[in-house]
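Below are the chains, spelled out letter by letter.
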Amino acid sequence: MMNDPYERSAEYIDIMIADAWDAFAPSLAEALGGVDAVEGTIVDLGAGSGRGVRAACAALPDDSPVLAVEPSPALRAVLLARVHEDARLRRRVTVDSGDALNTPLPDSIRALLAMNMIGHLPPGQRQELWARVAPRLAPGGRVILNLAPPTTPAHVPPSLMANLAMGDLTYEGWASAEPSGDHQITWHMTYRTLRQGRPLSEVTVEYAWWVLDEPELARELAEHGLSLRPAGQPDLGLYVASLASEGSEFKG
């Protein structure tokens, strides 16, 4: 059975990333500018709870089909609920339970999203992914992804990443990390539920995360005929890759 790193933390994930997606959504819409003229399917790898799916659908015409790929059953439950509750999403979004390397990809990809997920893939699997995607990327299409800090193995001290109140309860998310290899860190996540400042429950999880920086990503993509450029606000770590033959150049 597949190991699901989000099995114990899924109930917290969607609410903890809400503020981050308030920042990501406009930049994602900007990065998708012009894709409406491209033939093909939008593919969202590691779609999570569906916030990226919703943002992409809002940015593109209603006839743009979307393939949302999410291997975590716990996160996929939230994704399915989000798609089902919106009739516009129900008509166009297909949810797939596979992962980045085994889900059958459409012959023509209008845009491929890989938001907050590329660190799940070690270098060899990233190369396998780019080899799958590049031949299917439609002319004018693009790959949109982000690199979350740190981009090199480094110690990350405990920090509060989210704090929000709902009803009588407050929810907190804490994160820290430590190097665990030449290109890898281990994240340590703690999620707490509190009432009037008193802890009611706590969930701790850890998972491995492969790190890479902008030049390394550019080199990987160039091996598959793709060129890279930064996009959106610099602090978001957002990038767009497109077919090098279309004249886009990486500027590092």
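Here the structure is shown first, and the text comes after it.
The rules we used
Residues numbered from 1 in each chain as written. Predicted model: local features only at pLDDT ≥ 70, side-chain atom pairs only at ≥ 80, totals over all residues. Heavy atoms only, no water. Helix = DSSP H or I, 4+ residues; strand = E, 2+ residues; numbered from the N terminus. Buried < 20%, exposed > 50% of the residue type's maximum accessible area, 1.4 Å probe, protein only. Polar contact = N/O pair within 3.5 Å; in protein donor to acceptor, adjacent residues only side chain to side chain. Salt bridge = Lys/Arg side-chain N within 4 Å of Asp/Glu carboxyl O. Contact = heavy atoms within 4.5 Å. Lys, Arg positive; Asp, Glu negative; His and termini not counted. Phe/Tyr/Trp six-rings, centres within 6.5 Å; stacked < 30°, edge-to-face > 60°. Axes fitted to C-alpha atoms, helices over the stretch in contact; angles between N-to-C directions. Parallel < 35°, antiparallel > 145°, perpendicular 65-115°, else oblique. Left-handed = near helix turned anticlockwise from the far one by under 90°. Nonpolar A, V, L, I, M, F, W, Y, C, P; charged D, E, K, R; others polar. Pairing = 2+ DSSP bridges.

Draft legend 1. Representation of the side chain of Thr-193 in the model. Summarising the element assignment, Thr-193 is placed in strand S8 (residues 184–195). In this structure Thr-193 comes out as buried when scored by relative accessible area, which is 7%. Engagement of the side chain of Thr-193 in a polar contact is seen with the side chain of Tyr-12, the distance being 3.2 Å.

Draft legend 2. Region of the structure containing the pattern of salt bridges. Applying the stated rule across the entire model yields eight salt bridges. Between Asp-14 and Arg-82 there is a salt bridge; the shortest N-O distance is 2.9 Å. With Asp-14 in helix H1 (residues 10–16) and Arg-82 in helix H4 (residues 73–84), this pair connects stretches of sequence that are 68 residues apart. Per residue, the accessibility class of Asp-14 equals that of Arg-82, and both read buried. One network of salt bridges, in which partners are shared, links Asp-14, Arg-51 and Arg-82.

Draft legend 3. A look at the environment of Phe-24. By the secondary structure assignment, Phe-24 is in helix H2 (residues 18–31). A relative accessible area of 8% places Phe-24 in the buried class. Expressed as a C-alpha distance, the spacing of Phe-24 and Arg-90, which sit 66 residues apart in the sequence, is 23 Å. Leaving out residues up to four positions away in the same chain, Phe-24 has contacts with Met-115, Asn-116, Asn-146 and Leu-236.

Draft legend 4. Representation of the side chain of Asp-4 within the structure. For Asp-4, the position within the fold is in the segment before H1. It turns out Asp-4 is buried and unbridged, and the closest side chain with the opposite charge, Arg-76, is 7.4 Å from it. A distance of 2.9 Å separates a polar atom in the side chain of Asp-4 from a polar atom in the side chain of Ser-72. Excluding residues that lie within four positions of it along the chain, Asp-4 makes contacts with Ser-72, Pro-73 and Ala-74.

Draft legend 5. Just the packing of aromatic side chains, in detail. A complete count under the given rule lists five aromatic pairs for this structure. Aromatic side chains Tyr-12 and Tyr-191 sit 5.2 Å apart centroid to centroid with 15° between the ring planes, which places their arrangement in the stacked category. Pair noted here: Tyr-12 is in helix H1 and Tyr-191 is in strand S8, with a separation of 179 residues, a long-range link. Seen from their ring centres, Tyr-207 and Trp-209 are 6.2 Å apart, and the 70° between their planes marks the pair as edge-to-face. We note that Tyr-207, like Trp-209, is buried. Through successive ring pairs, a cluster of aromatic residues spans Tyr-6, Tyr-207 and Trp-209.

Draft legend 6. Local environment of the packing of helix H6 (residues 123–133) against helix H7 (residues 214–222). Close contact between H6 and H7 brings their axes to 10 Å; oriented N to C, the two are set at 45°. Classified by the interaxial angle, the pair formed by H6 and H7 is oblique. Handedness of the H6/H7 crossing: right-handed. The residues of H7 that touch H6, namely those facing Arg-126, Gln-127 and Trp-130, are Glu-216, Leu-217, Glu-220 and Leu-221. Residue composition of the contact of H6 with H7, by class: three nonpolar, one polar and three charged.

Draft legend 7. Looking closely at the sheet that holds strand S5 (residues 137–146). With mixed pairing, seven strands are arranged side by side in an open sheet as S3-S2-S1-S4-S5-S11-S10. Each edge of the open sheet carries a strand with a single partner, namely strand S3 (93–96) and strand S10 (226–231). Sheet twist, expressed as the average angle between the axes of neighbouring strands with direction ignored, equals 20°. Bridging between strand S1 (residues 41–45) and strand S2 (residues 66–69) involves four bridges; their strand directions are parallel. Bridging across to S2, Ile-42 finds its partner in Val-66. Docked against the sheet, helix H3 (residues 51–59) engages S1, S2, S3 and strand S4 (109–114), running at close to 170° with respect to S2.

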